[in-house]
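Descriptive analysis of the structure
For reference, the chains in residue letters:
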Amino acid sequence: MRLSRFFLPILKENPKEAEIVSHRLMLRAGMIKQQSQGIYTWLPLGKRVLDKVNAIIREEQNRAGAVELLMPTLQSAELWQESGRYDAYGKEMLRIKDRQERPMLYGPTNEEMITDVFRSFVKSYKDLPLNLYHIQLKFRDEIRPRFGTMRSREFLMKDAYSFDLNREGAVHAYNRMFAAYLRTFTRMGLRAIPMRADTGPIGGDLSHEFIILADTGESEVFCHKDFLDLDIPSEDTNFEDAAGLKGIFDKWTSRYAATSEMHDAEAFDAIPEGDRLSARGIEVGHIFYFGTKYSEAMGAKVQGPDGKEHAVHMGSYGIGPTRLVPAIIEASHDENGIIWPKAIAPFEAIVINMKSGDAACDAACETIYNALLKAGIDVLYDDKDERAGAKFATADLIGAPVQVIAGPRGVANGEVEIKDRKTGERETLTIEAAINRLT
Ligand code: ATP
Ligand code: MG
Ligand code: MG
Ligand code: MG
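What counts and what doesn't
- Residues numbered from 1 in each chain as written.
- Chains lettered and ligands numbered in written order.
- Predicted model: local features only at pLDDT ≥ 70, side-chain atom pairs only at ≥ 80, totals over all residues.
- Helix = DSSP H or I, 4+ residues; strand = E, 2+ residues; numbered from the N terminus.
- Rg over C-alpha atoms; globule rule 2.2 N^0.38 Å.
- Contact = placed C-beta atoms within 7 Å.
- Buried ≥ 20, exposed ≤ 12 C-beta atoms within 10 Å, placed from the backbone.
- Near = placed C-beta within 6 Å.
- Nonpolar A, V, L, I, M, F, W, Y, C, P; charged D, E, K, R; others polar.
- Expected span 1.5 Å × (residues − 1).
- Arc of directions from axis to C-beta.
- Core = buried A, V, L, I, M, F, W, Y, C linked by C-beta atoms within 7 Å.
- Pairing = 2+ DSSP bridges.
- Axes fitted to C-alpha atoms, helices over the stretch in contact; angles between N-to-C directions.
- Parallel < 35°, antiparallel > 145°, perpendicular 65-115°, else oblique.
- pLDDT = per-residue confidence, 0-100.

Some remarks on the overall build of the protein chain
The number of helices and strands found in the protein chain is 14 helices and 23 strands. In terms of overall dimensions, the protein chain is globule-like: its C-alpha atoms have a radius of gyration of 24 Å, near the 22 Å expected for 439 residues. Its C-alpha atoms give the protein chain principal-axis dimensions of about 80 × 60 × 40 Å. Taking as baseline every contact in the protein chain between residues at least 6 positions apart, the subset at least 24 positions apart corresponds to 73%.

Shown next as structure tokens:
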């Protein structure tokens, strides 16, 4: 991508409305624009990051055996009347009427709708286990939308729903998602800690929130320090192996970790003082097992091996991609801007032409840019006619992990500089060596 052809509306001034660093940086770097309170446009730079976050989520959901579909944002109130949640949900639900005066709603979550999909097609235990997910917009009329896309009213959620014949199967399904979540957040450069959580209005008796420790987090959390270095399940984790997955779950739940709602001060105080972590955290994911709550109410039943009808055991598993993007920035930035982990960087590298219009600089940059493109690298070429200082500031702000800097003096010797955005280290290399380094 050539910067002269891209759409990167950088803000020079610090936006006053931004209270936390991720919100400030997302606005300054031209990633998002607020359209009305808690409702955002994802501008091209932000959209690229969001797509990479979603791609990782998808890969790990698929690896764990979940199957993607896409449900609509608008739902009929009837489904929610069946489950009894239409009245219970309260003011967070945006209620709408269509032209026939039929009550509709913008989905805050999809348990009812997925249960309807399931009951329409699945009739036998032989079609289980099943886990269906989608990545779709949700709307919750939050009383206090804030911190940009961290707590917005319209937001993206990956929500998966599992269906099993009995509790044992459902626990296996739960553990698949538990392991998949550990892998998902790690691949984004985050350490998420699963914490025992309250099940809230969704109900059920097995639930974990995945929390990123951050001073700006809205949750108060308590956990054992060991969580900071526990091993993550490997890429070849066997998701069919229920005992193996239980081993992962047991390991990751053997230490104390709870949000304030579930906090047990006595158990926490039993941990040696030096091993206690009392911090703030951001909820980036949440998994629930809720048994037959919706399947009973909505008649989602399958025929079991005994020939009888059984209400299926269900779980639901959410991740917030539009919250993850600012959470990653909270965890990875400096005073000059964002420092993207490579896996989700909007551009893996930026080529900075310090003197656009200079024939030698232009030629060197084109050579490098084309070689990186050819190697399949997401590269941004700053070909704009701007002073070098402004270009460096932009490059640091938008946070590509590697910068290739080409100026007239170096290029005259056939050389460019490579700068590591995170460490600030610079190295002078020949153009050829720079290309080899990056491809
Ligand atoms: P919170 O406690 O922050 O209000 P929640 O517990 O209401 O979140 P869940 O119903 O568990 O949220 O939804 C699953 C995931 O969706 C959350 O873990 C979070 O990552 C994301 N999410 C929920 N509400 C929002 C929001 N208003 N803005 C952005 N992401 C959200
Ligand atoms: Mg909420
Ligand atoms: Mg919550
Ligand atoms: Mg939650």
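Describing unusual backbone geometry
Glycine aside, a negative phi is what most residues show, and trans is what most peptide bonds show. Between Leu128 and the following residue, Pro129, the backbone shows a cis peptide bond with an omega angle of 0°. Residue placement: Pro129 occurs in the loop between helix 5 (111–121) and strand 7 (130–139). We note that Glu101 has phi near 65°; this positive angle belongs to a residue other than glycine. Secondary-structure assignment places Glu101 in the loop between strand 5 (94–97) and strand 6 (103–106). According to the C-beta neighbour criterion, Glu101 is exposed, with 6 such atoms within 10 Å.

Describing the site of ligand 1
In the vicinity of ligand 1 lie 15 residues, with Phe155, His286, Gly318, Gly320 and Arg323 positioned nearest. Elements supplying a minimum of two residues to the shell around ligand 1: strand 8 (154–164), strand 13 (276–291), strand 16 (313–319) and helix 10 (321–331). Examining the composition of the shell around ligand 1, we find that four residues originate from one element, strand 13, more than from any other. Per-class residue counts for the shell around ligand 1 are four nonpolar, six polar and five charged.

Observations concerning helix 11 (residues 359–374)
A rise of 1.5 Å per residue sets the reference length of helix 11, with its 16 residues, at 22 Å; its end C-alpha atoms lie 22 Å apart and thus fit the reference within 8%. Residues of helix 11 that are buried include every one of Cys361, Ala364, Cys365, Ile368, Tyr369 and Leu372, and no others. Down the axis of helix 11, the smallest arc covering the buried residues is 125°, so these residues share one side. Turned more than 90 degrees off the buried face of helix 11, the exposed positions are Ala359 and Lys374. Elements in contact with the buried residues of helix 11: strand 19 (349–353), strand 20 (379–382), strand 21 (402–406), helix 13 (408–412), strand 22 (415–420) and helix 14 (431–438).

A closer look at the environment of Arg409
Tracing the chain through its elements places Arg409 in helix 13. A C-alpha to C-alpha distance of 10.0 Å links Arg409 and Ala360, two positions 49 residues apart in sequence.

Considering the nonpolar core
Membership of the largest hydrophobic core comes to 106 residues, with the highest contact counts inside it found for Met177, Val351, Ile368, Ala400, Val404 and Ala406. A per-element tally of this core places helix 6 (residues 167–187) first, with 11 residues. Not counting the four nearest positions on each side in its chain, Val404 is found in contact with Ala349, Val351, Ile352, Ile368, Val416, Ile418 and Ala434.

Focus: the sheet that holds strand 23 (residues 426–430)
Across the sheet, five strands lie side by side as 20-19-21-22-23; this open sheet has mixed pairing. One side of each edge strand has no neighbouring strand; the edge strands of this open sheet are strand 20 and strand 23. Across the sheet, the mean angle from the axis of one strand to that of its neighbour is 20°, orientation sign disregarded. With five bridges joining them, strand 19 and strand 21 adopt parallel strand pairing. Looking at the pairing, Ala349 lines up with Val402 of strand 21. Here helix 12 (residues 388–398) sits on the sheet and contacts strand 19, strand 20 and strand 21; the angle it forms with strand 19, its principal contact strand, is near 175°. Strands strand 19, strand 21, strand 22 and strand 23 of the sheet are contacted by helix 14, whose axis makes an angle of about 115° with strand 23.

Here's the deal with the pairing of strand 23
Both strand 22 and strand 23 contribute to a ladder of five bridges, which runs antiparallel. Bridging across to strand 23, Val416 finds its partner in Leu429. With antiparallel pairing between neighbouring strands as the criterion, strand 22 and strand 23 make up a hairpin whose turn holds five residues, including Gly424 at a positive phi of roughly 80°.

Concerning the packing of helix 1 (residues 21–28) against helix 10
In contact at an axis separation of 8 Å, helix 1 and helix 10 are set at 110° when each is read in the N-to-C sense. The angle between the axes of helix 1 and helix 10 places the two elements in the roughly perpendicular class. Side by side, helix 1 and helix 10 meet where Val21, Ser22, His23, Leu25 and Met26 of the first sit next to Pro326, Ile329 and Glu330 of the second. Across the contact of helix 1 with helix 10, the residue classes break down as five nonpolar, two polar and one charged.

Looking at helix 12
Taken together, the buried positions of helix 12 are Lys391, Thr394, Ala395, Asp396 and Ile398. Where the residues of helix 12 are buried, they touch helix 2 (44–63), strand 18 (337–338), strand 19, strand 20 and strand 21.

Brief notes about the confidence of the model for the protein chain
Here the protein chain averages 96 in pLDDT, and 99% of its residues register 70 or above. Interface confidence for the predicted complex, given as ipTM, is 0.99, next to a pTM of 0.97.

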